[in-house]
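Topology and contacts: notes
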Amino acid sequence: MANFVYGMNLSLDGFVDHQAFAPDDVLFRHWIDQIGSLTAGIYGRHVYQLMQYWEIDQPGWSPLEQAFAQAWRRLPKWVVSGTLDSVGPNATLISSGVEEAIRAIKSRHSGDIDISGTILADHLTRLGLIDEYRLYLHPVVLGQGKPFFAGPRPRLRLAASDRIGDDVIRLTYLPT
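Our subject in this report is the structure included herewith.

Criteria and thresholds
- Residues numbered from 1 in each chain as written.
- Predicted model: local features only at pLDDT ≥ 70, side-chain atom pairs only at ≥ 80, totals over all residues.
- Heavy atoms only, no water.
- Helix = DSSP H or I, 4+ residues; strand = E, 2+ residues; numbered from the N terminus.
- Rg over C-alpha atoms; globule rule 2.2 N^0.38 Å.
- Buried < 20%, exposed > 50% of the residue type's maximum accessible area, 1.4 Å probe, protein only.
- Contact = heavy atoms within 4.5 Å.
- Areas by Shrake-Rupley, 256 points an atom, 1.4 Å probe, with all protein chains shown as cover.
- Pairing = 2+ DSSP bridges.
- Axes fitted to C-alpha atoms, helices over the stretch in contact; angles between N-to-C directions.
- Patch = residues over 30% accessible without salt bridge, like charges linked within 9 Å, V, L, I, M, F, W, Y side chains within 5 Å.
- Salt bridge = Lys/Arg side-chain N within 4 Å of Asp/Glu carboxyl O.
- Lys, Arg positive; Asp, Glu negative; His and termini not counted.
- Charge placed at Lys NZ, Arg CZ, Asp CG, Glu CD.

**Examining the overall build of the protein**
Within the protein, the secondary structure is distributed over five helices and ten strands. Here the protein has a C-alpha radius of gyration of 16 Å; the compact-globule value for 176 residues is 16 Å, and the two agree. Viewed in the frame of its principal axes, the protein has a C-alpha envelope of about 40 × 40 × 30 Å. For the protein, the residues scored as buried account for 44% of the 176 residues in total. Residue pairs in contact within the protein that sit at least 24 positions apart in sequence constitute 70% of those at least 6 positions apart. Of the roughly 9100 Å² of accessible surface on the protein, 50% is carried by carbon and sulfur atoms.

Set out below in structure tokens:
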């Protein structure tokens, strides 16, 4: 059975902003290793569309950006969306029967499967399907935005804390 992991960068006040947290080289290498260690990823529409940036090589990419793109492209992906008609390479669209499809993915696979997107993570949290939460805290206060927890916060216990680079702390929580 797969281990569903919801992890994202967030501000000290709990908001997710994919533009506000430019990773340093240490954090970027961490994300490359993280993506490379995953069995697969399940994406909400919004995050998937942001991540599609990595599907086409861009002029001037650094070696780290190239390595991240290669790791992301190799990762099998499912995209949960009721509005998309199609998804890119190495991705499968889930547009109906979401709960059944997600439960089937969890039961048929092993290893870590990344959950990306606050609304998707909230839905899976309510279903009791998220096994691990990884909060990558950046020393930034945004004051507003999309919260990491889109709905009621689950009961959690701290399992680990790690410093990544100079400024980021990863807190790993497990549901109680």
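**With respect to the pairing of strand β3 (residues 40–44)**
When you tally the buried positions in β3, you get five out of five residues, the bulk of the element. Residue alternation in β3 divides its side chains into two sets, Ala40, Ile42 and Gly44 and Gly41 and Tyr43, and both sets are buried. Taken together, the four bridges between β3 and strand β4 (residues 77–80) define a ladder with parallel strand orientation. Across the sheet, the residue bridging to Tyr43 is Val79, located in β4.

**Regarding the sheet that holds strand β10 (residues 168–175)**
A sheet is described by the order of its strands in space; here eight strands give the open sequence β5-β4-β3-β6-β1-β7-β10-β9, paired in mixed fashion. Of all strands in the sheet, those with a lone pairing partner are β5 (91–94) and β9 (156–164), marking the two edges. Between one strand axis and the next, the sheet turns through 25° on average, direction left out of account.

**Observations regarding the side chain of Thr125**
Inspection of the secondary structure assignment puts Thr125 in helix α5 (residues 118–126). For Thr125, the residues in contact, after removing those within four places along its chain, are Ile130, Tyr133 and Pro154.

**What about a negative patch on the surface?**
Taken together, Asp24, Asp25, Asp166 and Asp167 make up a surface patch of like negative charges. For Asp167, the location among the structural elements is in the loop between β9 and β10.

**Observations concerning unusual backbone geometry**
One non-glycine residue, Asn90, lies in the positive phi region at around 60°. Here Asn90 lies in the loop between β4 and β5.

The values are spatial; any link to function lies outside them.
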